[in-house]
Amino acid sequence: MEDLAEDIRPAVSSVLTGDEFERWYWSVAQLHQFCEAMGLSARGLKSELRERVAFALRNPGALPPKTASTRRKSSFSWSKATLTRDTVITDTISFGPNVRRFFGAAIGPKFVCHSDFMDWMKANTGLTLADGIAAWHILEERKSDPSFRREIAECNNYLQYLRDLRDAHPTLSLDEAKQCWDAKKIRPAQEGLVVYEPSDMRFL
């Protein structure tokens, strides 16, 4: 039987080269540890943090390239403005109490500000909140379709792994799938991506 203790991810403090860093999956919290230890900015998306740390390890003393930022253009205050069905969705859309109150009043107590709806709103600037109300109902109707599955964001390696594993083994419990994830994530992962393989069942 394969020795499961072999080739386990090292501690953050012992990773000294870019090649070693790139061999493994790192959580956001661990990437923050790298940034703190190396005096790097810990702001940005997980992919940006990973690139920043890898660059610093490969180029000691060099300044990491700046990440191109997308500046918001709208000055509309979603937290303070009086919202109506004609309010235009802007690139500063947020989902605080003011926005949730509006949709709760327009849709009723069944309104839930779920991730699919928030993604739709962010992707449809220029439309109105009336369009948002209609979109929410359409998104809710999809739930009645037995084949419907919510899309997993590309950056969510954890959920994608669990889905792939349980698709391959439908009788597997969520706790068993998480056990496989916990064992797999500390083993070598190409480009830091944990991918399901049939051999992962050995972790149970």
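Residues numbered from 1 in each chain as written. Predicted model: local features only at pLDDT ≥ 70, side-chain atom pairs only at ≥ 80, totals over all residues. Heavy atoms only, no water.

(A) Geometry of the overall build of the protein chain. For the protein chain, the helix and strand inventory stands at eight helices and zero strands. What you see in the protein chain, going N to C, is helices and strands ordered as α-α-α-α-α-α-α-α. Based on the C-alpha atoms only, the size of the protein chain along its principal axes is roughly 60 × 50 × 20 Å. Taken over 204 residues, the protein chain has a buried fraction of 32%. For the protein chain, contacts bridging at least 24 residues in sequence account for 45% of all contacts bridging at least 6. (Helix = DSSP H or I, 4+ residues; strand = E, 2+ residues; numbered from the N terminus. Buried < 20%, exposed > 50% of the residue type's maximum accessible area, 1.4 Å probe, protein only. Contact = heavy atoms within 4.5 Å.)

(B) Representation of the packing of helix 4 (residues 97-107) against helix 6 (residues 129-141) in the model. Running from amino to carboxyl end, helix 4 crosses helix 6 at an angle of 65 degrees, the nearest separation of the two axes being 11 Å. Considering only the axes of helix 4 and helix 6, their crossing is right-handed. Residues Phe-102, Phe-103, Ala-106 and Ile-107 of helix 4 pack against Leu-129, Gly-132, Ile-133, Trp-136 and His-137 of helix 6. Its residues assigned to classes, the contact of helix 4 with helix 6 comprises seven nonpolar, two polar and no charged. (Axes fitted to C-alpha atoms, helices over the stretch in contact; angles between N-to-C directions. Left-handed = near helix turned anticlockwise from the far one by under 90°. Nonpolar A, V, L, I, M, F, W, Y, C, P; charged D, E, K, R; others polar.)

(C) Just the side chain of Lys-184, in detail. When you line up the elements, Lys-184 lands in helix 8 (residues 174-184). Within the structure, Lys-184 has its side chain in polar contact with the side chain of Asp-200 (distance 3.0 Å). When neighbours within four sequence positions are excluded, Lys-184 is seen to be in contact with Tyr-161, Val-194, Val-195, Tyr-196, Glu-197, Asp-200 and Phe-203. (Polar contact = N/O pair within 3.5 Å; in protein donor to acceptor, adjacent residues only side chain to side chain.)

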